[in-house]
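Report on the structure
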Amino acid sequence: MGKLIVIEGIDGTGKTTQFERLCALLREKGIPHRELSFPCYDDPSSTLVRMYLGGSFGTEPDAVNAYAASAFFACDRYASFKQHWEQDYNDGMLFVSCRYTTSNAVHQGAKLEDEARRAYLEWLFDYEYRLLGIPAPDRVLLLDCPAEVSTANLRKREAAGVSTADIHETDTGYLARCAKAASEAADRFGWKRIPCAPDGVMRSPDDIHADILNALSDIIGTL
């Protein structure tokens, strides 16, 4: 079987930047791998995801319950796996993914509290990894960032005219709940935390990238 690395974090933490930097380095070093990013916006399988994030079912994240929203994203991942990368995974390929099932743990887990969240997380990972049969990650890297810093990053992005905000990104209270859910999931499931703003100030992309490489040295070697 292959290896699957996931880069995760709440909105505004630089997931895409770090994903792209890691993949560029793997290409530069000639390390065979495949790159994944979810949701698969260009595929029909993401139709319900796009409707949800676009506000078709309600303009607030809580308008759709955690289980229904999770099913939208899970089916998109299942379709991607079955159509595009199952064989390569079975043949032992290395995969790097920007977001994965772990994003449901963060964004949908934020809609629940305490025992309800714990029950949801047990259901989520059993549903996707056992019942649907998509691969479980070998390493999840959480870009660990306070909600207030990630929110400031999102607002800067909007001011620069590069925002593609969805119903998750426009609700700052919801982002704070996502940060809490992400932290609890990291502790519970052994995700590797990559501190992004330990003193309330965003670290440089270079420093964060170096920490990511260090956290993956047992999988990809020293680059």
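Refer to the structure above for everything that follows.
A quick note: this is a predicted structure, and the numbers were derived from the prediction, not measured. (Residues numbered from 1 in each chain as written. Predicted model: local features only at pLDDT ≥ 70, side-chain atom pairs only at ≥ 80, totals over all residues. Heavy atoms only, no water.)

1. Observations regarding helix H1 (residues 15-28)
Short version of the rule: Here a helix means four or more residues in a row that DSSP labels H or I, a strand means two or more in a row labelled E, and each is numbered from the N terminus. For a helix, the expected span equals 1.5 Å multiplied by the residue count minus one. Exposure classes here rest on a 1.4 Å probe applied to the protein chains alone. A residue is buried below 20% of its type maximum, exposed above 50%, and partly exposed in between. The arc refers to the directions leading from the helix axis to the C-beta atoms. Contacts were defined at the residue level, with two residues in contact if any of their heavy atoms lie within 4.5 Å.
The terminal C-alpha atoms of H1 lie 20 Å apart, and with 14 residues this matches the ideal 20 Å at 1.5 Å per residue to within 8%. Lys 15, Gln 18, Phe 19, Leu 22, Cys 23, Leu 25 and Leu 26 are the residues of H1 that are buried. With its buried residues spanning 160 degrees around the axis, H1 presents them on a single face. Each element contacted by the buried residues of H1 is listed here: strand E1 (3-8), strand E2 (34-37), strand E3 (94-98), strand E4 (139-144), helix H8 (205-215) and helix H9 (217-220). Phi for Gly 30, located one or two positions after H1, is positive at around 75 degrees.

2. A look at the packing of aromatic side chains
What describes a pair of aromatic rings is the distance from one ring centre to the other and the angle between the planes of the rings. What counts, and what does not: Any Phe, Tyr or Trp ring, taking Trp's six-membered ring, that has another such ring centre within 6.5 Å forms a pair; planes under 30 degrees apart are called stacked, those over 60 apart edge-to-face, and the others tilted. The criterion is that NZ of a Lys, or CZ of an Arg, lies within 6 Å of the ring centre and within 35 degrees of the ring normal, and then a charge sits over that ring.
Taken as a whole and assessed by the stated rule, the structure comprises 16 aromatic pairs. Connected via pairs of aromatic rings, a cluster forms that spans Phe 38, Tyr 100, Phe 125, Tyr 129 and Phe 189. Sitting over the face of the ring of Tyr 100, Arg 77 holds its NZ or CZ atom 6.0 Å from the ring centroid.

3. Re the pattern of salt bridges
Should their charged atoms come close, side chains of opposite charge can pair. Applied cut-off: Think of a salt bridge as a Lys or Arg side-chain nitrogen and an Asp or Glu carboxyl oxygen that are within 4 Å of each other.
Taken as a whole, this structure holds 16 salt bridges when the rule is applied. A salt bridge links Arg 177 to Asp 62; its shortest N-O distance comes to 2.7 Å. With a gap of 115 residues between them, Arg 177 in helix H7 (residues 172-189) and Asp 62 in the loop between helix H2 (47-53) and helix H3 (66-90) connect regions that are remote in the sequence. Look at Arg 177 and you get partly exposed, because its relative accessible area is 25%. Arg 203 is paired through a salt bridge with Asp 211; the nearest N and O atoms lie 2.8 Å apart. Exposure remark for Arg 203: the relative accessible area of 23% places this residue in the partly exposed category. A single salt-bridge network, built from bridges that share partners, covers Asp 144, Asp 187 and Arg 193.

4. Some points on the nonpolar core
Selection rule: Nine residue types can take part in a nonpolar core, namely buried Ala, Val, Leu, Ile, Met, Phe, Trp, Tyr and Cys, and a core is a set of them joined through side-chain atoms within 4.5 Å.
Membership of the largest hydrophobic core comes to 32 residues, with the highest contact counts inside it found for Trp 85, Tyr 100 and Trp 191. In this structure Trp 85 touches Arg 34, Leu 36, Phe 38, Ser 80, Phe 95, Tyr 100 and Pro 135, once residues within four positions along its chain are discounted. Leu 22, Leu 26, Val 149 and Leu 213 belong to the second-largest nonpolar core, a separate cluster that totals 23 residues.

5. Structural notes on the sheet that holds E1
Hydrogen bonds between backbone groups are what pair the strands of a sheet, and the pairing can be parallel or antiparallel. Under the convention used in this document: DSSP bridges decide pairing: two strands pair if at least two such bridges lie between them. Axis geometry follows a simple rule: fit a line to the C-alpha atoms, using only the stretch in contact for helices, then measure angles between N-to-C directions, giving values from 0 to 180 degrees.
Read from one edge to the other, the open sheet built from 5 strands follows the order E2-E3-E1-E4-E5, with strand pairing classed as parallel. Whereas interior strands pair on both sides, the edge strands pair on one side only; in this sheet they are E2 and strand E5 (192-195). Sheet twist, expressed as the average angle between the axes of neighbouring strands with direction ignored, equals 20 degrees. Relative to E4, E1 is paired through 4 bridges, and the arrangement is parallel. Paired with Glu 8 across the bridge in E4 is Leu 142. In the packing of H3 onto the sheet, contacts are made with E1, E2 and E3, and the angle to E2 comes to roughly 140 degrees.

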